[in-house]
Amino acid sequence: MKAVKLLFSLMLLASTTLFIFSCGEDEEPETLPPSLAFTDADASANGERGGSIDIELNLLAPGGIQSLTANGAAVPVTPGSVQETVTFTYDVDPDAELGNQPIEFTLTDTKSRTATATYTVTVIGSTIQVTADITANTTWVEGNIYVLNQIVRVENATLTIERGVTVQAIDDGKPVQDASKVIVALRVEPTGRLVAQGEAARPVVFTVKPQGTTASAPGMWRGIILKGDPLAANHNAGSLRYVRVEFGGGDEDSPASTKGALTLIDVGASTNLEFVQVFRSLGEGFRIEGSILALKNCVATECLGAHLNTRHTGTTAAANVKFTNLYVQNFISNNATVGKDTRDVLMSNPPSGTNGNTLTMSNSTFIGPGVGHTVGGAPSSADGMRSESRNGRVLIYNSIWAEFPEDGIRMSNNAATTNSIIDFNYIFKIGGVDASGITTLGNSTALRENAVVFASSPYQNNINPSTTTIAGIGVADYTPNSQQASTFNPTTLNDSNFSFQAQLYVGAIGGTDWTVGGWVRNADGSIRP
């Protein structure tokens, strides 16, 4: 019996050993899990819209590669290989949103074990060459740069420009005002419309693209021309909001001359300009011809021509002349350093025997280069405003005119004062005036020629430079330290064309500075934060 038990135990031990040995032969040796790494140590790159990025990955899978995916989509690999270098090309969608686009790669081995890593593509705008007129509805997309290589016309179409777009006009490298210089411009014809809708932090910027390392300069291109229908009562040429136009003022038709960087011709009150700056134009800043138009919260800075010029269209016959009826609220003109002998506001003279242009303005600020400013070593003759508009009408309220070396407001002898009113304004630091504010010393007065009638009662202009200042207002500074109150309510100026806001203060800026936020340049070129 004992022998049988011993034999049974030996047989059981042998079978167990055989089973264990057999199982050991079936198991594979343990392997390390997969891993992947980018050749680019930063694991990131910028990708232009419509462009592509090559991403190189080093794959390691001792257990054998089964698959690789990028954001869930299969990437070609060699199945079963244990080590491989793969290049993945990421195509950036032409309409991709700006900002970071993560790409997650997942490597799986034959044992279903995984490894992951993320590569970040930062989508940036494209640079797009514009070499033809725009004849179909077109949108220029946020973040892109559009380069104008020629005069570009918008006809029978609407050009829509999204926030954050930069439009660059090519400069041909020839000197400014060279008679052979090719001047680029954006011309919106009567059948076209321009809708440029920026934001304070992401304005639409129209500027110049100089050759090589040449610095941007006034007159390297024309700027924007919005043309309406002279026979239409209320032509809508479009809308500009939070827009900056820089370094324009050249004349595409006569390169040795100058023109307005932002010119509107025969447009109607439906055309909207609000939060628009013209910076360093060789000619006028805002040039308004034969239009019914409102400017709201606009800025002109360091322009060599008039910062704001109202003109008629047509020639000599009264039936052929169309006058400008311009409404302005919260306009800032800042001419701190540019050497010029001109004026910030000019109302040009229409043909004899016709009526004149009308300017209705409230709550605006005009700052000159300083009482002692010189040009070429000689005293400057820069004025705040000059009206030459025969039979025209001027209504100016709640505004500031300061730091001009010659005249504050001048209405030439051919400019009628009939129905004109200049009231509730502050006019101070005007070159050469004495304590009375209107006595001529040399060739300077605060209110000159026909404008002198507004220097005394019943008009409530404060023009005594010995007692009149507004703290914070001075050369290159149009922001008062505190709001200067006024009793005049601009809503009394409302008519069917424009409704003024109730602003019971003097100047363009009251309790809130609407020029901050990143869309306005200071006189020195820096951006107002």
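The rules we used
- Residues numbered from 1 in each chain as written.
- Predicted model: local features only at pLDDT ≥ 70, side-chain atom pairs only at ≥ 80, totals over all residues.
- Heavy atoms only, no water.
- Helix = DSSP H or I, 4+ residues; strand = E, 2+ residues; numbered from the N terminus.
- Phe/Tyr/Trp six-rings, centres within 6.5 Å; stacked < 30°, edge-to-face > 60°.
- Buried < 20%, exposed > 50% of the residue type's maximum accessible area, 1.4 Å probe, protein only.
- Contact = heavy atoms within 4.5 Å.
- Pairing = 2+ DSSP bridges.
- Axes fitted to C-alpha atoms, helices over the stretch in contact; angles between N-to-C directions.

Student: Before we move on, can you summarise unusual backbone geometry with the specific residues and values?
Tutor: That bond from Ser 457 to Pro 458 is cis: its omega, 15 degrees, falls within 30 degrees of zero. Within the element layout of this structure, Pro 458 appears in the segment after β37 (447-449). Phi is positive for Phe 424, close to 60 degrees, though the residue is something other than glycine. Among the structural elements, Phe 424 can be located in the loop between β35 (421-423) and β36 (426-430).

Student: How would you summarise the packing of aromatic side chains if you had to cite specific residues and measurements?
Tutor: Here the structure, examined in full by the defined rule, presents 19 aromatic pairs. Ring centres of Tyr 242 and Trp 519 lie 5.5 Å apart, and the angle between their planes is 90 degrees; on these two criteria the pair is classed as edge-to-face. Residue Tyr 242 is located in strand β19 (residues 238-246), and its partner Trp 519 is located in the segment after β37; the two are separated by 277 residues in the primary sequence. Assigned by exposure class, Tyr 242 and Trp 519 land together as buried. Taken together, a centroid distance of 5.9 Å and an interplanar angle of 45 degrees make the contact between Tyr 327 and Phe 498 tilted. Linking Tyr 327 in strand β25 (residues 325-334) with Phe 498 in the segment after β37, this pair joins segments that are 171 residues apart in sequence. In this pair, the class of Tyr 327 matches that of Phe 498, namely buried.

Student: Which residues make up the side chain of Ser 291, and what values do they have?
Tutor: Residue position: Ser 291 is located in the loop between β22 (286-289) and β23 (292-301). Note on Ser 291: relative accessible area 0%, which makes it buried. The residues touching Ser 291, leaving out its near neighbours within four places in the chain, are Leu 264, Ile 265, Asp 266, Val 267, Phe 323, Thr 324 and Asn 325.

Student: How would you summarise the sheet that holds strand β6 (residues 83-91) if you had to cite specific residues and measurements?
Tutor: If you walk across this open sheet you meet the three strands as β1-β3-β6, and the pairing is antiparallel. In the strand order of this sheet, the two ends are held by β1 (35-38) and β6, each with one partner. Pairs of neighbouring strands in the sheet enclose a mean axial angle of 30 degrees, with direction left out of account. Sheet analysis places strand β3 (residues 52-60) next to β6, joined by nine bridges and oriented antiparallel. Pairing of Glu 56 across the sheet is with Thr 87, part of β6.

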